[in-house]
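# Understanding the architecture of this molecule
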Amino acid sequence: MHPFTVLFLIAFSFISVSALAPPYKYKTLVAPIVKDPKTSLYSITLNSRENYVIDINAPLSWRLCPPGYPPYPVSCYAPQCIQARSFLSSMCPPADNVWMKYGQCQCVVTPVNPVAKSCVPERLTYGNFNLSWTNGKNPTGVAKLNKIYYSCASKALFKSLPQGASGLAALSRAPLAFSSQLTPSNLGVAKKFAICLPSTNKAPGVTFFGDGPYNFEHYIPAQLDASKILSYTPLVKKSNSAEYYIGVKGISINEKASKFSPNAFAFDSNGNGGVKLSTLVPYTVLRSDIYKTLLNDFSKATKNIPRAKTVSPFGLCMKASALGWSRVGLMAPTIEFELGNGAKWYMIGAHSMKVVGNDVACLAFVDGGKTAKEAVVIGSYQLEDNLLQFDLAASRLGFGSLTARRSSCTYFNFTSTV
């Protein structure tokens with residue numbers, strides 16, 4: 001390839017994301033999140049009607065491309081190719097870059113379907129995406145973001161995803177995840193995003209790219225700015241990973257600390273352990289030693305509640321009406337995760353108990369086995385109706401329960417003010 005051509009491709013690859021719509025005074029973008037009733041997976045809606053399954057730990061988004069060549073192939077020499085290829089999946093066959101006629105080299109990456117555990121080598125490309133500006137209360141206008149990088153994907157990669165899915169939206173720390181590309185500094189958007197997963201498929205939750213306010217309908221006052229209720233804890237970086245981990249010291253039930261082995265939640269010398277967040281795992285998974293302690297202590301705290309036959313995959317079920325109900329859900333003991341910086345993540349009954357029907361509620365935590373890769377994976381059921389703000393610039397997680405304040409992730413008003 002001619003040296004001038006190489007320089008041109010490199011220079012072209014540095015063109016920043018820009019808004020094609022007229023500038024707005026607001027510096028936050030917003031998009032709906034829908035829950036699929038069959039798979040219980042969550043998708044962000046982009047380009048008005050395209051639904052992309054959310055994976056907060058994936059390094060690269062992907063979508064269906066026409067057969068043959070990608071719309072805009074990315075050169076092997078582009079910085080984005082180097083960034084994308086630093087996260088090649090080990091479950092995929094070797095992914096060598098493709099050399100075309102006349103010396104042109106196209107970037108090959110490894111998009112992963114994390115549900116079906118499948119992977120295929122595909123080419124890196126880019127395109128345009130539309131979503132909305134917001135004042136924190138409503139959508140206020142359309143933003144068109146161009147040159148957003150993603151991987152092509154074949155139809156074979158869509159197995160086990162919701163029907164009609166357009167692809168996968170990566171929201172990890174990785175430089176080419178949507179979480180990084182949809183917070184462009186040249187538009188004044190803060191390097192942070194927030195997700196609020198809905199607990200129902202009847203109405204959408206919401207994603208914000210940028211800073212608050214994040215307003216939800218509420219009883220008193222009429223609007224709840226959820227950015228004001230957040231507690232914060234540092235995001236823990238794991239070597240060679242773009243996934244989200246937080247530090248956990250221990251777990252308590254109704255403020256009574258459970259007893260775990262020293263460093264039960266820490267990484268070991270092989271990099272296993274730690275506490276990870278996931279939007280794909282349906283219920284929080286704990287390594288067996290942690291799970292058994294939690295189950296035993298929660299059982300003691302509810303010893304006066306009549307038991308019910310266990311329902312898979314849970315290990316403890318009881319009579320829901322005997323627990324009783326409040327305005328914010330079942331009156332179960334509160335589970336408290338004591339975080340690395342001293343903050344506490346409180347999981348009330350609405351977040352810890354799953355009603356499975358016939359007046360039965362089960363502790364919504366699952367045994368991950370003795371050799372689980374992570375000590376704990378906090379699953380989507382525990383994340384629903386919580387606002388989670390991932391501050392990528394400050395490397396911290398903000399978290400706050402909307403349920404505890406008698407609100408919901410479905411209470412954002414998507415009625416446009418335009």
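Just so it is clear, the model here is predicted, and its values are computed rather than measured.

Per the secondary structure count, the protein chain includes 7 helices and 34 strands. What you see for the protein chain is a C-alpha radius of gyration of 22 Å, in line with the 22 Å of a compact globule of 418 residues. C-alpha atoms of the protein chain, sized along the principal axes, occupy 80 × 50 × 40 Å. Buried positions account for 54% of the 418 residues belonging to the protein chain. Looking at the protein chain alone, contacts between residues at least 24 apart form 68% of all its contacts between residues at least 6 apart. Surface exposure of the protein chain reaches about 18600 Å², of which carbon and sulfur atoms provide 54%. Distance between charge centroids for the protein chain: 3 Å, based on 41 positive and 21 negative side chains.

This next bit is on the layout of surface pockets. Considered as a void within the structure, the largest pocket measures approximately 1100 Å³ in volume. In terms of lining, the largest pocket is formed by 34 residues, of which the most central are N57, P59, V112, E243 and K276. Classifying every residue of the lining of the largest pocket by side-chain character gives 18 nonpolar, 9 polar and 7 charged. Counting residues domain by domain, the lining of the largest pocket receives three or more from each of domain 1 (28-213) and domain 2 (224-405).

When strand β17 (residues 231-236) meets strand β34 (residues 396-401), the two strands line up antiparallel, connected through 4 bridges. In the strand pairing of β34, Y232 is matched with G398. Relative to strand β18 (residues 245-246), β17 runs antiparallel, the two being bridged by 2 bridges. What sits directly across from V236, in β18, is Y245.

Domain parsing of the protein chain yields domain 1 (28-213) and domain 2 (224-405). Centre-to-centre, using C-alpha coordinates, domain 1 lies 28 Å away from domain 2. Facing the 28 residues of domain 1 at the interface are 27 residues of domain 2. Here domain 1 and domain 2 share 2 salt bridges between them. D391 is the salt-bridge partner of K192, the closest N and O atoms lying 3.5 Å from each other. The set of elements that each furnish at least two residues to the side of domain 1 that touches domain 2 consists of β3 (50-55), α3 (178-181) and β13 (192-196). Considering every element that reaches the side of domain 1 that touches domain 2, the biggest residue donor is β13, with 5 residues. Split into classes, the residues belonging to the side of domain 1 that touches domain 2 amount to 16 nonpolar, 6 polar and 6 charged.

Moving on to the packing of aromatic side chains. Applying the stated rule across the entire model yields 20 aromatic pairs. Measuring from centroid to centroid gives 5.2 Å for Y245 and F267, while their planes differ by 65°, and the two rings are edge-to-face. In this pair, Y245 sits in strand β18 while F267 sits in the loop between β20 (256-257) and β21 (275-277), placing the two residues 22 residues apart along the sequence. A residue is classified by how much of its surface remains accessible, and Y245, at 0% relative accessible area, is buried. Judged by centre distance (5.2 Å) and plane angle (75°), the rings of F260 and F265 are edge-to-face. Since its relative accessible area comes to 6%, F265 is described here as buried. An aromatic cluster of three or more residues is present, and its members are F208, Y214, F216, F412 and F414. Taking NZ or CZ as reference, R396 lies 3.7 Å from the ring centre of Y232, over its face.

Taken together, the 4 strands give an open sheet; going across it, the order is β23-β24-β30-β29, and neighbouring strands pair in antiparallel fashion. Looking at strand neighbours, the two that pair on one side only are β23 (307-308) and β29 (353-357), the edges of this open sheet. Bridging between strand β24 (residues 317-319) and strand β30 (residues 360-363) involves 3 bridges; their strand directions are antiparallel. From the neighbouring strand, K319 faces β30, where its bridge partner is V360.

Time to look at the pairing of β13. The element β13 is extensively covered by neighbouring structure, given that 5 of its 5 residues are classed as buried. Covered by surrounding structure in β13 are K192, A194 and C196 together with F193 and I195, the residues of both alternating faces. Inspection of the sheet shows β13 paired to strand β33 (residues 386-391) by 5 bridges, in the antiparallel sense. Note on β33: the bridge partner recorded for A194 is Q389. Where β13 meets strand β14 (residues 205-209), 4 bridges bridge the pair, whose relative direction is antiparallel. Bridge pairing links I195 to T207 in β14.

Once that is clear, we can look at the sheet that holds β20. Read across the open sheet, the 4 strands follow the order β20-β19-β27-β28; overall the sheet is antiparallel. Two strands in the sheet have a free side with no partner beyond their single neighbour: β20 and β28 (344-347). Inspection of the sheet shows strand β19 (residues 248-253) paired to strand β27 (residues 335-339) by 5 bridges, in the antiparallel sense. Among the inter-strand pairings, I251 is bridged to a residue of β27, identified as F337. Against the sheet, helix α4 (residues 288-301) touches β19 and β27, its axis set at about 25° to β19.

What counts as what
Residues numbered from 1 in each chain as written. Predicted model: local features only at pLDDT ≥ 70, side-chain atom pairs only at ≥ 80, totals over all residues. Heavy atoms only, no water. Helix = DSSP H or I, 4+ residues; strand = E, 2+ residues; numbered from the N terminus. Rg over C-alpha atoms; globule rule 2.2 N^0.38 Å. Buried < 20%, exposed > 50% of the residue type's maximum accessible area, 1.4 Å probe, protein only. Contact = heavy atoms within 4.5 Å. Areas by Shrake-Rupley, 256 points an atom, 1.4 Å probe, with all protein chains shown as cover. Lys, Arg positive; Asp, Glu negative; His and termini not counted. Charge placed at Lys NZ, Arg CZ, Asp CG, Glu CD. 1 Å grid on protein atoms, 1.4 Å probe; cavity = no way out; pocket = protein on both sides within 12 Å on 5 of 7 lines; lining within 4 Å. Points joined across faces, edges and corners; volume = space filled by probe spheres on them. Nonpolar A, V, L, I, M, F, W, Y, C, P; charged D, E, K, R; others polar. Domains from an automatic or database assignment. Pairing = 2+ DSSP bridges. Salt bridge = Lys/Arg side-chain N within 4 Å of Asp/Glu carboxyl O. Phe/Tyr/Trp six-rings, centres within 6.5 Å; stacked < 30°, edge-to-face > 60°. Lys NZ or Arg CZ within 6 Å of the ring centre and 35° of its normal. Axes fitted to C-alpha atoms, helices over the stretch in contact; angles between N-to-C directions.

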